[in-house]
Amino acid sequence: MMSLPTTTDVVLVDTVQLTANVGVDCWGRTREQPVSITVYLHLKPSFLDVSGQSDNVTDSIHYGHLTKTISALSGSYTNVRVLVNEVTQKAFALAGENAEAVRVVVGMKKMILLAEDFEVEVITPSGQDSSHQAAKVAVKGLVMPVLIGVNPPERLAKQRVITNITFYEKSGMHQVDYPAIIKQISEEIENTAYLTLEKFVLEIVRSACIASDAIEAVTTRSQKPSALSFAHSSGVEITRYHNAFR
């Protein structure tokens, strides 16, 4: 049964574009790269009722001010978590006691070679340090040529498989080299053939889970765009915890 949504009051700024140095890019070079930042202010219950009734922006959180604050960020950061922490602090400073939590999503399209995007998401409750919160890290649209399928034509040539991998980190401060993990997974896949997407996806989940002790769980979804004539794709999604492979 589908559950009903909970009552929420959220002000958000979606995909603010800027450039920043957050470590090495997909070519291993330390330099500025395109960065997108999305911020969600999770406000106290019914906080937006006042502005919803008065129709006055001064009774809410001014998302224009939030956008300007984020857009002004620049310079170098040791890693993406340092950038997330700065954005979180500025969001809390703007929202004040009205915010129960801040959710920050940072996207870096130039971080992973052959991937469409790389995102780091952190939710920080009020009064806590974002650097100690668990992170969700997503590698989106990773394209790999794979020899896969049970039909005779599929055994003759590699086909495109599009994969999304989501890593769920444990709470605390971690340094996980995700470009290295994806490179290792890609190299393992490159020299292997599969009959089913199920085997393909489970192998990726296993490799991703055991790649670091900081990783609590992994979700992988892979799709074959060429598999079906009258559907966008066929696909398989698997989620496993780290301890499933001990």
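Structure first, text after, so check above.
Residues numbered from 1 in each chain as written. Predicted model: local features only at pLDDT ≥ 70, side-chain atom pairs only at ≥ 80, totals over all residues. Heavy atoms only, no water.

**Side note on the environment of Ala99**
Residue placement: Ala99 occurs in strand β3 (residues 99-107). Relative accessible area serves as the criterion here: at 2%, Ala99 is assigned to the buried category. With 141 residues separating them in the primary sequence, Ala99 and Arg240 have C-alpha atoms 33 Å apart. Discounting residues that sit within four places of it in the chain, Ala99 has contacts with His42, Leu43, Phe92 and Ser126. (Helix = DSSP H or I, 4+ residues; strand = E, 2+ residues; numbered from the N terminus. Buried < 20%, exposed > 50% of the residue type's maximum accessible area, 1.4 Å probe, protein only. Contact = heavy atoms within 4.5 Å.)

**Re the packing of aromatic side chains**
Going through the model one piece at a time under the given rule, you end up with 3 aromatic pairs. Consider the rings of Tyr194 and Phe200, whose centres lie 5.5 Å apart with planes at 80°: the pair is edge-to-face. Owing to a relative accessible area of 6%, Tyr194 belongs among the buried residues under this scheme. Through successive ring pairs, a cluster of aromatic residues spans Phe118, Phe167 and Tyr178. In this arrangement the basic side chain of Arg103 is found over the ring face of Tyr40, its NZ or CZ atom lying 3.7 Å from the centre. (Phe/Tyr/Trp six-rings, centres within 6.5 Å; stacked < 30°, edge-to-face > 60°. Lys NZ or Arg CZ within 6 Å of the ring centre and 35° of its normal.)

**With respect to unusual backbone geometry**
For Thr15, which is not glycine, the phi dihedral falls at a positive 60°. Counting through the fold element by element, Thr15 comes out in strand β1 (residues 10-20). Phi is positive for Ser46, close to 70°, though the residue is something other than glycine. Structurally, the position occupied by Ser46 is in the loop between β2 (33-43) and α1 (49-54). Classification of Ser46 by relative accessible area gives partly exposed; the value is 39%.

**Concerning the side chain of Glu119**
Positionally, Glu119 belongs in strand β4 (residues 117-125). For Glu119, the side chain forms a polar contact with the side chain of Lys140, separated by 3.0 Å. (Polar contact = N/O pair within 3.5 Å; in protein donor to acceptor, adjacent residues only side chain to side chain.)

**Looking at the pattern of salt bridges**
Tallying each qualifying case throughout the model produces 8 salt bridges. One salt bridge connects Glu121 with Arg103, and the closest N-O pair in it is separated by 3.4 Å. Of this pair, Glu121 sits in strand β4 while Arg103 is found in strand β3, placing the two residues 18 residues apart along the sequence. A salt bridge links Glu119 to Lys140; the nearest nitrogen and oxygen atoms lie 3.0 Å apart. Taken as a pair, Glu119 in strand β4 and Lys140 in strand β5 (residues 135-148) lie far apart in primary sequence, 21 residues in all. In the salt-bridge network here, residues are joined through shared partners; they are Arg103, Glu121 and Lys136. (Salt bridge = Lys/Arg side-chain N within 4 Å of Asp/Glu carboxyl O.)

**Some details on the nonpolar core**
Of all hydrophobic cores here, the largest spans 64 residues; its most connected members are Ile37, Leu41, Phe167 and Phe200. Among residues more than four places away in sequence, those in contact with Ile37 are Val13, Asp14, Thr15, Val16, Leu18, Ile70, Leu73, Leu83, Val87, Val104, Val105 and Val106. (Core = buried A, V, L, I, M, F, W, Y, C linked by side-chain atoms within 4.5 Å.)

**Some points on the side chain of His242**
Along the chain, His242 falls in the segment after β9 (234-241). Side-chain polar atoms of His242 contact the backbone oxygen of Ile215, separated by 3.4 Å.

**So, the pairing of strand β6 (residues 159-169)**
As a general feature of sheets, a regular strand has side chains that alternate between the two faces. Direction of pairing for β5 relative to β6: antiparallel, over a ladder of 9 bridges. Each residue of the ladder has a partner; that of Val146, found in β6, is Gln159. The pairing of β6 with strand β8 (residues 215-224) spans 8 bridges and is antiparallel. Within the sheet, the bridge partner assigned to Glu169 lies in β8 and is Ile215. (Pairing = 2+ DSSP bridges.)

**Some points on a nonpolar patch on the surface**
Together, Trp27, Leu113 and Leu114 line one region of the surface with nonpolar side chains, adding up to about 360 Å² of accessible area. Within the secondary structure, Leu113 is located in the loop between β3 and β4. (Patch = residues over 30% accessible without salt bridge, like charges linked within 9 Å, V, L, I, M, F, W, Y side chains within 5 Å. Areas by Shrake-Rupley, 256 points an atom, 1.4 Å probe, with all protein chains shown as cover.)

**What to know about the environment of Pro225**
Relative to the assigned elements, Pro225 resides in the loop between β8 and β9. For the pair formed by Pro225 and Arg160, sequence separation is 65 residues and the distance between their alpha carbons is 7.1 Å.

Take it as geometry only, folks, not as evidence of what the structure does.
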